[in-house]
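# Chains, contacts and geometry: an overview
Listed below, chain by chain, are the residues.
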Amino acid sequence: MSVSLPDHSRQQQQLQLLQLQNAWLERILSGGRSEAGSLEGLCREAEQLVPDACACVMRLVDSDRLSVAAAPSMPEPFRAVYDNAILSGSAGSFVVSILEGSACLIEDAWRDPRWSSRRELAEAHDIRASWSQPVMMDGALVSGSFTLMLPRPGLPDEFQQSVLQVCANLTALLWRHQAHTRQMWHLAHHDRLTGLPNRDYLDAELERAILASDRLGKPFALMYIDLDNFKDINDSFGHDFGDRVLLEALRRIRASLREGDMIFRHGGDEFLLILENLEDALAVDAIARKLIAAFAAPLRIDEQTVTARFSIGVSLYPQDADNAQDLLKHADIAMYQAKAGGKNDVHFFEPALAKRIQRRMQMEQEIRRGLQRDEFELYFQPQYLADSDEMASLEALLRWNHPERGLVLPGEFIPVAEKSSLIRELSLLVFHELCRIGRIWLDRGYEIPRLAVNMSTAQLTEACNDRLQMLLEKTGMPADRIEIEVTETLVMNRGDSGVRELQKMRDQGIQLALDDFGTGYSSLSQLKKMPIHKLKIDRSFVMDLEQDEDDRVIVRTIIAMGRNLGLEIVAEGVETAFQQQFLLDNGCDYIQGFYRARPMPVEQVEKLLFRSES
Ligand code: C2E
Ligand code: MG
Ligand code: MG
């Protein structure tokens, strides 16, 4: 039963509704309150605009159920009946409006068949009129209803219909905004490719796991997993393929875990796992071994098979750290230890080793910075004919002009670089610099000997000769001016493919020398297979020639053996006249060592070259 109002009262009401609408729009856009809190407030304000009304918002769940989203004045038994109720066309206006997708205005719930199945409830709680407006998302999808119920029969007047309409719209807007906020949060905290939670989320989860562990008295583990060869996979097959490798790897990781273990993506090829409820550290070891075993079989992607290998580092709470930050740092260090130990392995954090590892990690960072700041420089050490002043080669030796520590020798940083991808950058720099300087010398007309350069294991890859030839071409450095020094261990590690690459270099006119000879374990038959020109006797045999008869025998034998194989012989580390004379007497071809010349910077070499010109 609607009563018509004088114009000014109607205007007053419209104004109030407009104010409500504006205030809520602002509130929704600025976020803040929880969904339930917001909707309850909206119901209360609607109740003020329509005296005696009881307002409620129902939400559609799983397409066939209702939940009471907000109903601040609804009696508890009433709410209990409708929360989680199956939709039915006789259960009241809020259900009917959802089912029909349009307003359902019931004049008297005690008589209307659309209320029949819940009639006793309406009677018990004195509900007569019941008006519902569907909450439509994006104008079409019904997601709930907004309802006003009154203790007397009647239909809504124009204003009351506007209230229903406005409140239903505001509810839709609020829900959409909340869904959007949730989605934004998800995007910000999850990785796009894998859908896994990311680093930001990890921090919060670690804090939670720490609290839970304290409460339950059970340790938990943080596991750092790093794909050893992801960069190679990406480089060889492209990033799309790399992405699929990651997804397949993730699938295998998941299959090895227990329910409740959490996985996070931490940058490109790193995953972090939180493993809770552990009985002891052994349990983690078992999981880690299972993970490694899961990757024993190669991954098949697009007819391609790739082998993914992982290094796994583990830190335990509370044993290894008492806070999230240290736990992460220690898992990282342990992972680093696993990598350093030869990859595809599991390592638990060990405090004793941590210092060393940390120093190494720091050194890596410093090398990286040094590369950026141009702190590396080539020195050269001449190799002379044993019986004259004629220079046979100039060996390039890398030096690091460290801003705090001064001149750092390669023995300190090359082994660190060799354990990471930094060695590739350093080697490229050395080759580039060598060719650049050599070219300048040639252009100036200097009569230069061969320029020798040391090669690391990481460089002797399949395409290494091609790359080298490209570089020579680019810099205009003739191949027959270059000498490459490899070690026995390097050639043996690379096997036949390494020997093939060396043979290609030799075919191009590059001279090859076997460095540090005598420290490796190559047999005579292996030595015969290596396409080398020169043997360099390691300094350790030369050092004590004067005092040690054994060394004298060894050096004599190496020289004789090398000669029989048709190789030239160089002695490294010659420091005294005695050593030089002994080597000369026994048929050594070349001498390299402080006795003749120390490694020196470019300007000093230039003086030497210039002098020999004049
Ligand atoms: P290496 O190739 O066997 O180089 C010879 C090393 O012996 C050089 O040390 C040189 O300074 C040192 N040496 C030469 N004559 C004497 C001597 O009479 N007495 C003594 N005590 N030492 C002498 P350096 O420059 O410290 O280099 C050490 C090693 O680092 C090199 O051994 C080489 O294996 C590596 N290395 C140096 N530069 C590079 C580089 O550019 N790339 C790579 N991959 N490795 C490099
Ligand atoms: Mg060398
Ligand atoms: Mg050497």
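Computed from a predicted model, the values in this text were never measured in an experiment. (Residues numbered from 1 in each chain as written. Chains lettered and ligands numbered in written order. Predicted model: local features only at pLDDT ≥ 70, side-chain atom pairs only at ≥ 80, totals over all residues. Heavy atoms only, no water.)

This next bit is on the packing of aromatic side chains. Using the criterion set out here, one finds 13 aromatic pairs in the structure. Ring geometry for Y82 versus F94: centroids 4.7 Å apart, planes at 85°, classification edge-to-face. With Y82 in helix α3 (residues 76-82) and F94 in helix α4 (residues 93-100), this pair connects stretches of sequence that are twelve residues apart. Through a chain of ring-to-ring contacts, the aromatic side chains of F78, Y82, F94 and W115 assemble into a single cluster. For R27, the ring lying beneath its charged end belongs to W24, and the centroid distance is 4.3 Å. (Phe/Tyr/Trp six-rings, centres within 6.5 Å; stacked < 30°, edge-to-face > 60°. Helix = DSSP H or I, 4+ residues; strand = E, 2+ residues; numbered from the N terminus. Lys NZ or Arg CZ within 6 Å of the ring centre and 35° of its normal.)

This brings us to the packing of helix α13 (residues 410-418) against helix α14 (residues 422-443). Look at α13 against α14: their axes get within 7 Å of each other, and the N-to-C directions meet at 125°. By the angle between their directions, the pair α13 and α14 is classed as oblique. Contacts between α13 and α14 involve F413, I414, A417 and E418 from the first element and L422, I423 and L426 from the second. Taken together, the residues of the contact of α13 with α14 sort by class into six nonpolar, no polar and one charged. (Axes fitted to C-alpha atoms, helices over the stretch in contact; angles between N-to-C directions. Parallel < 35°, antiparallel > 145°, perpendicular 65-115°, else oblique. Contact = heavy atoms within 4.5 Å. Nonpolar A, V, L, I, M, F, W, Y, C, P; charged D, E, K, R; others polar.)

What follows covers the coordination of the magnesium ion (ligand 3). Coordination of the magnesium ion (ligand 3) by the protein comes from D515 (OD), D516 (OD), E572 (OE) and E572 (OE), over a distance range of 2.0 to 2.5 Å. Donor residues binding the magnesium ion (ligand 3) come from one chain and are separated in sequence as D-D-x55-E. Here the magnesium ion (ligand 3) and the magnesium ion (ligand 2) are spaced 4.1 Å apart, linked through D515, which binds each one. (Donors = N, O, S within 2.8 Å, 3.2 Å for Na, K, Ca; no water.)

By domain assignment, the chain separates into domain 1 (28-187), domain 2 (199-349) and domain 3 (362-607). Each of domain 1 and domain 3 has a C-alpha centre, and these two points are 83 Å apart. (Domains from an automatic or database assignment.)

Inspection of the region around ligand 1 gives 21 residues, with R399, N454, D515, E575 and F594 positioned closest. With respect to ligand 1, the side chain of R539 contributes an N or O atom lying 2.9 Å from a nitrogen atom. Here an oxygen atom of ligand 1 sits 2.8 Å away from a polar atom, N or O, in the main chain of F594. Only β14 (391-402), α13 and β18 (511-517) provide two or more residues apiece to the shell around ligand 1. Here the shell around ligand 1 gets four residues from one element, more than from any other, and that element is β14. Residue composition of the shell around ligand 1, grouped by class: eight nonpolar, five polar and eight charged. (Near = heavy atom within 4 Å. Polar contact = N/O pair within 3.5 Å; in protein donor to acceptor, adjacent residues only side chain to side chain.)

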